[in-house]
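# Structural characterization, general
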Amino acid sequence: MELKPETVALAGNPNAGKTTLFNALCGRTEKVGNYGGVTVELKKGEFFTPHGRRLELIDLPGTFSLEGGSPDQRIASEVLSGKHERHPAPDLVVCVVDASNLERHLQLTLEILELGLPTIVAVNMVDMAEKSGLRLDPVKLSEELGVPVVPIQANRGKGITELKQAMRHPFPSAPELRWEKGNAEARRSFGLKTADLAARRATLHSTNLSDRLDAVLLHPVLGWVCFLAIMFALFWSIFSFAGIPMGWIETIQESLTGAVEGRMAEGDLRDLLTQGIIGGVGAVVIFLPQILLLFFFIGLLESSGYMARAAFLMDGVMGRAGLSGKAFLPLLSSYACAIPGVMATRTIDSAKERLVTIFVAPWMSCSARLPVYLLLVPMLLGGSEGGTVQALVLLSLYVLGTGTAFIVARILRGRLGPDEVKSHFLLELPPYRWPQWTYIFRHVLDRGWSFLRKAGTFILALMILLWAATTYPKLESDDPAAVISHTIVGRVSDFIEPIVKPLGFDGRTGTAILTSFAAREVFVGSMAQLFRVEVAEGEEEQETRAHIRDRLAAEKWPDGSPMFGPAAVISLLIFYIYALQCLPTSAVVAREAGSWKWAVAQFFFMMAFAALASLIVYQTARLFGLA
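Note that the structure is a prediction, hence the values are computed from the model and not measured. (Residues numbered from 1 in each chain as written. Predicted model: local features only at pLDDT ≥ 70, side-chain atom pairs only at ≥ 80, totals over all residues. Heavy atoms only, no water.)

Bringing the overall build of the protein chain into the picture now. A tally of regular secondary structure across the protein chain gives 27 helices and eight strands. Counting over 627 residues, the protein chain shows a buried share of 56%. For the protein chain, restricting intrachain contacts to residue pairs at least 6 apart in sequence, the fraction spanning at least 24 positions comes to 74%. (Helix = DSSP H or I, 4+ residues; strand = E, 2+ residues; numbered from the N terminus. Buried < 20%, exposed > 50% of the residue type's maximum accessible area, 1.4 Å probe, protein only. Contact = heavy atoms within 4.5 Å.)

Here it is, written out as structure tokens:
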């Protein structure tokens, strides 16, 4: 019978490189970001020492202190102290510290040493420290702390073998403390003295590249100019760089459709394959390049160290909304997906601020909204995709959702009242680093595969059901309108049209909205099926969305007026900015908030807000003749 492996816990400040070391030891590909809040729960893995011993590795959330009040900090503290209900105290702790920030990072190390656990200190990013003029003495640091110290460069795998060698059995014993246990001031003084002895700069008051960049990027005026320019470049790239791969996807879709039509006789089965499966799923998959670009640029900002600067800049703005800069990182993560954004709120100390951040996080336009925006924005502007104007409109949609979220957060924060224990915003600005391309591309590929897996399972099933609902029951008639009205979708559309018409939508659009409550990405495919969009062969340069837009632009109301005029398109955009159409997000909100009541209240509030906003926008636009 094999004995249970001994446990090694990785502990350290945010940005110390714990998750990078975790990946290097275990061969995993967990997400790595150069800012606090990436690891918001325990990650587990296994590895073998050079002596063949199997060890279990736990990556604890980054924390500045074991006395922090946020959920992720409490997890780290409870595991290390042996108070966690599912995880006993580890057999060994590896304290990961940044060589460039020993003064701050040693404070947590000293707290952990007071627990009396066997400890090894892994001094990470030694190369970066040396480039900045720092001279590290690992032997002196080990003498002062009384524990083994191993210099490493986790992102390049340097020092990993030496670190494993240091984990030989028996583990190093806990050191005798050379400061007064439990005395924060004594601990701080000892840490500063130790850092001064073990790490020296060649010249005092020297500046490095990060300092020079921060002089511009954190400037009260130039910093905001750079921030807005970076955000604009991100959205412009989404429109401009994805055209070629989208053309490839469209060509594959057309080839598959042509192959099926050339080998099968007309009938329901061929229609199911071409319209329901290839056409429905293809109308969603074609947005994969934009989604990959979004995750790539967010990963680039995270890995380079700019994300922490963006949080610093936004702290003042967040304060006006009743939040702190700590809320910025979860909200920014929500632009990619609200689920990890909601989970990242565990880094927030204030329970009330955390609830407010969870409540407004879905209003950060996630990647699932991109297919809707990229379909409707060119339609609103009456042109093909691309260009500066469309990038500005797309950016304004994100700004509108974010601005509204801040207003609602301010109101809700005031109603919840002040915190019983006042919290402070503490953020470490890591040095700028060359992006870790391996981890960025792996993360992008993981997100892309997750999207394709969703398209191949859930979205595929929904598209098949929708095709069946637009086909059956059949009516023998030459009138297409009568045929569609006789189907299940036609009857549903007739039923809901009086409800959605004041918002500027017909019954088919309302039905497409209903299908997208399970997943927003489905909306485009639903519109393609409900409006019977057919993609002509041989038009490789024409994108699928262009066909959908052309079909929608030709739709008329019974009185002959355009069904998708500017007012209706704006109303539809407004609805998708505010509506909470993601059931998995609601499930995560219920778990993180500790109550389904909060999730249910959030869902119905956002749905009512979206409907009311669309109603006001559409009716106002009609008054000004924009219908």
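This part covers the environment of Asp349. Within the secondary structure, Asp349 sits in the loop between α15 (338-343) and α16 (351-360). The spatial distance from the C-alpha of Asp349 to the C-alpha of Arg74 is 9.8 Å, given a sequence separation of 275 residues.

Take the side chain of Glu555 next. Assignment of secondary structure puts Glu555 in the loop between α24 (544-553) and α25 (566-578). Leave out the neighbours within four places in its chain, and Glu555 touches Arg508, Phe531, Ser561, Pro562, Met563 and Phe564.

One open sheet holds the six strands; their spatial order is β2-β3-β1-β4-β5-β7, and the pairing between them is mixed. In this open sheet, the two edge strands, each paired with only one partner strand, are β2 (43-48) and β7 (149-151). Between one strand axis and the next, the sheet turns by 25° as a mean value, whatever way the strands run. Contacting β1 (6-12), β2, β3 (54-59) and β4 (92-98), helix α1 (residues 18-26) crosses the sheet at an angle of about 40° to β2. (Pairing = 2+ DSSP bridges. Axes fitted to C-alpha atoms, helices over the stretch in contact; angles between N-to-C directions.)

Moving on to the packing of aromatic side chains. Evaluated as defined, the whole model comprises 16 aromatic pairs. Measuring from centroid to centroid gives 5.4 Å for Phe296 and Phe297, while their planes differ by 70°, and the two rings are edge-to-face. No difference in accessibility class separates Phe296 from Phe297, as the two residues are buried. When the ring of Tyr578 is compared with that of Phe609, the centres are 4.9 Å apart and the planes differ by 75°; the resulting orientation is edge-to-face. Of this pair, Tyr578 sits in helix α25 while Phe609 sits in helix α27 (residues 596-623), and the two are 31 residues apart along the sequence. Accessibility expressed as a relative area gives 26% for Phe609, which makes it partly exposed. An aromatic cluster of three or more residues is present, and its members are Phe359, Trp363, Tyr578, Trp598, Phe605 and Phe609. (Phe/Tyr/Trp six-rings, centres within 6.5 Å; stacked < 30°, edge-to-face > 60°.)

We now examine α16. Counting buried positions along α16 gives seven out of ten residues, so the element sits mostly inside the fold. Every buried residue of α16 is accounted for by Glu353, Arg354, Val356, Thr357, Ile358, Phe359 and Val360.

What follows is about unusual backbone geometry. Phi is positive for Met125, close to 55°, though the residue is something other than glycine. Structurally, Met125 is set in the loop between β5 (119-124) and α4 (126-131). Met125 sits in the buried class, given a relative accessible area of 10%.

Take a nonpolar patch on the surface next. Judged by side-chain polarity, Trp434, Trp437 and Phe441 come together as a nonpolar surface patch covering roughly 380 Å² of accessible area. What makes Trp437 partly exposed here is its relative accessible area of 31%. (Patch = residues over 30% accessible without salt bridge, like charges linked within 9 Å, V, L, I, M, F, W, Y side chains within 5 Å. Areas by Shrake-Rupley, 256 points an atom, 1.4 Å probe, with all protein chains shown as cover. Salt bridge = Lys/Arg side-chain N within 4 Å of Asp/Glu carboxyl O.)

With that settled, the discussion passes to the pairing of β3. Of all six residues in β3, five are buried; the element is thus mostly enclosed. From the end of β2 to the start of β3, which pair antiparallel, there are five residues, and Gly52 there has a positive phi angle of about 90°.

Time to look at the packing of helix α5 (residues 138-145) against helix α7 (residues 184-198). Running from amino to carboxyl end, α5 crosses α7 at an angle of 155°, the nearest separation of the two axes being 8 Å. Comparing the axis directions of α5 and α7 gives the class roughly antiparallel. Both α5 and α7 take part in a crossing whose hand is right-handed. Here Lys140, Leu141, Glu144 and Leu145 of α5 lie close against α7, whose contacting residues are Phe190, Lys193, Thr194, Leu197 and Ala198. (Parallel < 35°, antiparallel > 145°, perpendicular 65-115°, else oblique. Left-handed = near helix turned anticlockwise from the far one by under 90°.)

Further remarks concern helix α8 (residues 209-217). Among the residues of α8, those classed as buried are Ser210, Asp214 and Leu217. End-on, the buried residues of α8 take up no more than an arc of 70°, which puts them together on one face. (Arc of directions from axis to C-beta.)

Our next topic: the confidence of the model for the protein chain. Averaged over every residue, the pLDDT of the protein chain is 79; residues scoring 70 or more account for 84%. Of all helices and strands in the protein chain, the one with the weakest mean pLDDT is helix α20 (residues 480-486) (64), whereas α25 scores best (92). Confidence drops under a pLDDT of 50 for residues 31-39, and excluding neighbours within four residues, the segment shows 37 contacts in the predicted structure. Throughout residues 536-542 the model reports pLDDT below 50, and contacts reaching past four residues in sequence, or to other chains, amount to 15 contacts. (pLDDT = per-residue confidence, 0-100.)

A full pass over the atoms with the stated rule returns eleven salt bridges. A salt bridge links Glu144 to Arg178; the shortest N-O distance between them is 3.5 Å. Placement of Glu144 in helix α5 and of Arg178 in the loop between α6 (160-166) and α7 is noted, with a sequence separation of 34 residues between them. On the basis of relative accessible area, Glu144 is assigned to the buried category, the value being 8%. Residue classification places Arg178 among the partly exposed residues on the basis of a relative accessible area of 48%. In this structure, Arg508 and Asp506 form a salt bridge, with 3.0 Å as the shortest nitrogen-oxygen distance. Connected through salt bridges with shared partners, the residues Asp506, Arg508, Arg551 and Glu555 form a single ionic network.

Moving on: the packing of helix α18 (residues 388-416) against α25. The interhelical angle for the contact between α18 and α25, taken along N-to-C directions, is 50°, at an axis separation of 10 Å. Our classification of the angle between α18 and α25 gives oblique. Both α18 and α25 take part in a crossing whose hand is right-handed. Side by side, α18 and α25 meet where Leu397, Leu400, Gly401 and Thr404 of the first sit next to Leu573, Ile574, Ile577 and Tyr578 of the second. For the contact of α18 with α25, a count of residues per class yields six nonpolar, two polar and no charged. (Nonpolar A, V, L, I, M, F, W, Y, C, P; charged D, E, K, R; others polar.)

A few words now on the pairing of β4. Judged by how many residues are buried, β4 sits mostly within the fold: seven of seven residues are covered. Residues Leu92, Val94, Val96 and Asp98 point to one face of β4 and Val93, Cys95 and Val97 to the other, with burial holding for every one of them. Looking at chain direction, β1 and β4 are connected through five bridges and run parallel. Within β4, the position partnered with Leu10 by the bridge is Val94. By the bridge criterion, six bridges tie β4 to β5 in an arrangement that is parallel. In the sheet register, Val96 faces β5, and the bridge partner there is Ala122. Handedness of the crossover is the feature at issue here: the chain leaves β4, passes through helix α3 (residues 102-113), returns alongside β5, and the resulting connection is right-handed. (Right-handed = clockwise from strand over helix to strand, strands pointing away.)

Moving on to the environment of Gly62. Checked against the element boundaries, Gly62 lands in the loop between β3 and α2 (71-81). Separated by 13 residues in sequence, Gly62 and Ile75 place their C-alpha atoms 10.0 Å apart.

Below, the discussion takes up the environment of Gln73. Following the sequence through the fold, Gln73 ends up in helix α2. Taking the C-alpha atoms as reference, Gln73 lies 5.5 Å from Thr63; in sequence the two are ten residues apart.

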